[in-house]
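Chain by chain, the residues run as shown.
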Amino acid sequence: MRNRMIAGNWKMNKTYDEGVVLAQGLVDELKDGTGSVDVIVCPPAIDVKGVAEVIQQAAAPIAVGVQNVYWEEKGAYTGETAPDMITAVGATYCIIGHSERRGYFGETDEDVNKKAKALMAHSIVPISCCGESLEIREAGKHVEFVVDQIKKDTEGLVIDDPSKYVVAYEPIWAIGTGKTATADDAEEVCGAIRKTLAEVFGQETADGIRILYGGSAKPENVGGFLEKEDVDGALVGGASLKADSFAAMVRSAMA
């Protein structure tokens, strides 16, 4: 049985103080617990320590993640963050391969693969993103494209505990646009992702890996996605920047 997951990607939003306030708001909103739902927030790197401290002090059932990592242990890599720096500030998850990283910063599937291996070597859970552009979807090649991403992103990975590796399917055309894939659209691709994971890792492992939907996910639509067999939660952008809306999505996942 896969626990559902609601993960918030704050992107490049919230100063340190604003992040602390939002974290406290989430702690208050979720004070009665999150049931079996795994809840993660991924603030900008500079906010992580403050957010983690708020959550730790409250003993809240919320994990903290980051939005990027570099695969080397240390060295002359200006602007980058090493895996042990992530664990040192209390973060246990990391988003990799987001379409904004791929599109704006040239991140490749090879990079995503290296990052996943580095994270897993440090017991940090990757939230590995994939997804197609509108052009690819309209050409009817979206499943083929995402399956190819999954094969490249997982090449050579060893997954002993399938709960420690997460995939997020985010159709690029739905991210921040207000356009949303239908629940059936999401299930078509998420089902293909799980089938591909079974080919790579075996059915038992594939059945234990959480697959999230992302792309204008919000309180009003998350319930429909969660009804689908292969959708185990959501990677949330804008709706994660308000404590009440993010908490509402967590409560939908608890239902």
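Above this note sits the structure.
Described in the following lines is the structure provided in the data block. (Residues numbered from 1 in each chain as written. Predicted model: local features only at pLDDT ≥ 70, side-chain atom pairs only at ≥ 80, totals over all residues. Heavy atoms only, no water.)

## Observations concerning the sheet that holds strand β3 (residues 63-66)
Moving on, step 1. Spatial ordering of the closed barrel is given by β1-β2-β3-β4-β5-β6-β7-β8, a layout of eight strands whose pairing is parallel. Each strand axis lies, on average, 25 degrees off the axis of its neighbour in the sheet, ignoring direction.
Moving on, step 2. Strand direction decides the pairing type here: strand β7 (residues 210-214) and strand β8 (residues 233-236), joined by three bridges, are parallel. Bridge assignment links Y213 to a residue of β8, and that residue is A234.
Moving on, step 3. Along the sheet, helix α8 (residues 183-201) makes contact with β5 (125-130), β6 (166-169) and β7, crossing β6 at roughly 150 degrees. (Pairing = 2+ DSSP bridges. Helix = DSSP H or I, 4+ residues; strand = E, 2+ residues; numbered from the N terminus. Axes fitted to C-alpha atoms, helices over the stretch in contact; angles between N-to-C directions. Contact = heavy atoms within 4.5 Å.)

## A short note on the packing of aromatic side chains
Moving on, step 1. Per the counting criterion, the structure on display carries five aromatic pairs.
Moving on, step 2. Note on Y70 and Y77: the rings are 4.9 Å apart at their centroids and 45 degrees apart in plane angle, and the pair reads as tilted.
Moving on, step 3. A centroid spacing of 6.3 Å and a plane angle of 85 degrees characterise the contact between Y104 and F105, whose relative ring orientation is edge-to-face.
Moving on, step 4. Classification of Y104 by relative accessible area gives exposed; the value is 66%. (Phe/Tyr/Trp six-rings, centres within 6.5 Å; stacked < 30°, edge-to-face > 60°. Buried < 20%, exposed > 50% of the residue type's maximum accessible area, 1.4 Å probe, protein only.)

## Examining the pairing of β5
Moving on, step 1. When you tally the buried positions in β5, you get six out of six residues, the bulk of the element.
Moving on, step 2. Residues V125, I127 and C129 point to one face of β5 and P126, S128 and C130 to the other, with burial holding for every one of them.
Moving on, step 3. With four bridges joining them, strand β4 (residues 93-96) and β5 adopt parallel strand pairing. When the bridges of β5 are listed, Y93 appears paired with V125.
Moving on, step 4. As defined by bridge partners, β5 adjoins β6 across four bridges and the pair is classed as parallel. Directly across from S128, in β6, lies its bridge partner V167.

## A closer look at the packing of helix α1 (residues 16-29) against helix α2 (residues 48-58)
Moving on, step 1. At a minimum axis separation of 8 Å, α1 and α2 run at an interaxial angle of 25 degrees. With respect to their mutual orientation, α1 and α2 come out roughly parallel. In this structure, α1 crosses over α2, and the sense of that crossing is right-handed. Contacts between α1 and α2 pair Y16, G19, V20, A23, Q24 and V27 from the former with G50, V51, E53, V54, I55 and A58 from the latter.
Moving on, step 2. Among the residues forming the contact of α1 with α2, the class breakdown is eight nonpolar, three polar and one charged. (Parallel < 35°, antiparallel > 145°, perpendicular 65-115°, else oblique. Left-handed = near helix turned anticlockwise from the far one by under 90°. Nonpolar A, V, L, I, M, F, W, Y, C, P; charged D, E, K, R; others polar.)

## A few points about the pattern of salt bridges
Moving on, step 1. Following the criterion strictly, the structure yields 16 salt bridges and no others.
Moving on, step 2. Ionic pairing is found between D184 and K228, a salt bridge with its closest N-O pair at 2.6 Å. A residue pair is termed long-range when its members are at least 10 positions apart, and D184 in helix α8 and K228 in the loop between α10 (222-226) and β8 qualify at 44 residues.
Moving on, step 3. Residue K228 is classed as partly exposed on the basis of its relative accessible area of 24%.
Moving on, step 4. One salt bridge connects D232 with R194, and the closest N-O pair in it is separated by 2.8 Å. In this pair, D232 is assigned in the loop between α10 and β8 and R194 in helix α8, connecting sequence segments 38 residues apart. (Salt bridge = Lys/Arg side-chain N within 4 Å of Asp/Glu carboxyl O.)

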